[in-house]
Amino acid sequence: MSNQNIDLYTAASFIKKDDHDNFYLSGLKCDKCGAIFLDQRSTCSSCFESNQLNHTKLSNTGTLYSYSIVHRSFPGVDVPYISAIVDMDGGGTVKGNLINIEPIPENLSFDMKLKLVFKDALGRKDHEGNSYISYFFEPI
């Protein structure tokens, strides 16, 4: 029996690949005020300028701004886990899960340095067996 070629899909439209097949987060930066957003929009929600948003590659590092340790979730989602808000170096704020750290408050500090990692979205697959790549944060 031969191995099937399983495709990898991204779990969000703002997860992109560069020319070397490395994943990154793509944002939109306002040319007028410098605000950075994820996903598609035509108007800056900071200064309200229209058609002034251009694609930018977000940094792979940032600092922990806020977090919540989640103890109850949907069936099939392992708990507890850490839901984090991260201020990215160079601009932009991203919400994601913090992994590879025990989810207890003593292990977490505001302004701790984090890096982006891209991996299989918790082993979930579509009906054809395709994996989904998602982003997570982990301590540096």
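Our subject is the structure listed above.
All of the points below concern the structure found in this document. (Residues numbered from 1 in each chain as written. Predicted model: local features only at pLDDT ≥ 70, side-chain atom pairs only at ≥ 80, totals over all residues. Heavy atoms only, no water.)

A few points about the pattern of salt bridges
As a working rule, side chains carrying opposite charge can pair if their charged atoms are close by. Stated formally: Note on definitions: salt bridges are taken to be side-chain nitrogens of Lys or Arg within 4 Å of carboxyl oxygens of Asp or Glu. Secondary structure is summarised from DSSP: a helix means a run of H or I of at least four residues, a strand means a run of E of at least two, and numbering begins at the N terminus for each. Note on exposure labels: buried denotes an accessible area under 20% of the residue type's maximum, exposed denotes more than 50%, and partly exposed covers the range between, all computed with a 1.4 Å probe on protein chains only.
In this structure the tally under the stated criterion is four salt bridges. For Asp18, the salt bridge is made with Lys57, and the minimal N-O distance between the two is 4.0 Å. On the criterion of sequence distance, the pair formed by Asp18 in the loop between strand S2 (15-17) and strand S3 (23-30) and Lys57 in strand S5 (residues 53-57) is long-range, its members being 39 residues apart. Lys113 is paired through a salt bridge with Asp89; the nearest N and O atoms lie 3.0 Å apart. Note that Lys113 is positioned in strand S9 (residues 113-125) and Asp89 in the loop between strand S7 (81-88) and strand S8 (93-98), a separation of 24 residues in sequence. For Lys113, a relative accessible area of 38% translates into the label partly exposed.

As for the environment of Gln52
Selection criterion: Throughout, a residue-residue contact means that at least one pair of heavy atoms, one from each residue, lies within 4.5 Å.
Note on placement: Gln52 falls in the loop between strand S4 (36-38) and S5. Residue class for Gln52 comes out partly exposed when judged on its relative accessible area of 28%. Those residues in contact with Gln52 that sit more than four places away from it in its chain are Lys29, Cys30 and Asp31.

Re the nonpolar core
This is how it is decided: To qualify as a nonpolar core, a set must consist of buried Ala, Val, Leu, Ile, Met, Phe, Trp, Tyr and Cys residues joined through side-chain atoms within 4.5 Å.
Grouped together as the largest cluster of nonpolar side chains are 24 residues, with contacts concentrated most on Leu25, Val94, Leu98, Tyr135 and Phe137. Elements represented by at least two residues in this core include exactly S3, S4, strand S6 (61-70), S7, S8, S9 and strand S10 (131-139). Ranked by residues supplied to this core, first place goes to S7 with four residues. Excluding residues that lie within four positions of it along the chain, Leu25 makes contacts with Phe14, Ile15, Thr56, Lys57, Leu58, Val94, Leu116, Phe118 and Tyr135. In this structure, Leu28, Cys30, Cys44 and Leu53 belong to the second largest nonpolar core, which totals six residues.

Details of empty space enclosed by the protein
So the rule is basically this: The method works on a 1 Å grid over the protein atoms by themselves. A cavity is a set of points holding a 1.4 Å probe that cannot get out, a pocket is an open set with protein on both sides within 12 Å along at least five of seven lines, and residues with an atom within 4 Å of a point line them. Grid points are joined across faces, edges and corners, and a volume is the space filled by probe spheres set on the points.
Counted by the stated rule, this structure contains one cavity of 30 Å³ or more. Taken as a whole, the largest cavity holds about 50 Å³ of empty space. What lines the largest cavity is Ser13, Phe14, Lys16, Ser26, Gly27, Leu28, Asp39, Gln40 and His55. At three residues, the largest contribution of residues to the lining of the largest cavity is made by S3.

Considerations on the pairing of S8
Where we set the bar: Any two strands with at least two DSSP-identified bridges between them are counted as paired.
One ladder, built from six bridges, connects S7 with S8; its direction is antiparallel. Bridging from a neighbouring strand, Ala84 pairs with Gly96 of S8. Here S7 hands over to S8 after four residues, with Gly90 in that stretch at a positive phi of 90°.

A few points about the packing of aromatic side chains
Keep this limit in mind: The criterion for an aromatic pair is that two Phe, Tyr or Trp rings (for Trp, the six-membered ring) have centres within 6.5 Å, with stacked assigned to planes under 30 degrees apart, edge-to-face to planes over 60 apart and tilted to the rest.
All chains considered together, the criterion is met by five aromatic pairs. With 5.9 Å between their ring centres and 35° between their planes, Tyr9 and Tyr132 make a pair best called tilted. Highlighted residues: Tyr9 in strand S1 (residues 8-10) and Tyr132 in strand S10, separated in sequence by 123 residues. Residue class for Tyr9 comes out partly exposed when judged on its relative accessible area of 36%. Taking 5.6 Å as the distance between ring centres and 35° as the angle between the ring planes, the aromatic pair formed by Tyr67 and Phe110 counts as tilted. On the criterion of sequence distance, the pair formed by Tyr67 in strand S6 and Phe110 in the loop between S8 and S9 is long-range, its members being 43 residues apart. Given a relative accessible area of 53%, Phe110 falls into the exposed group.

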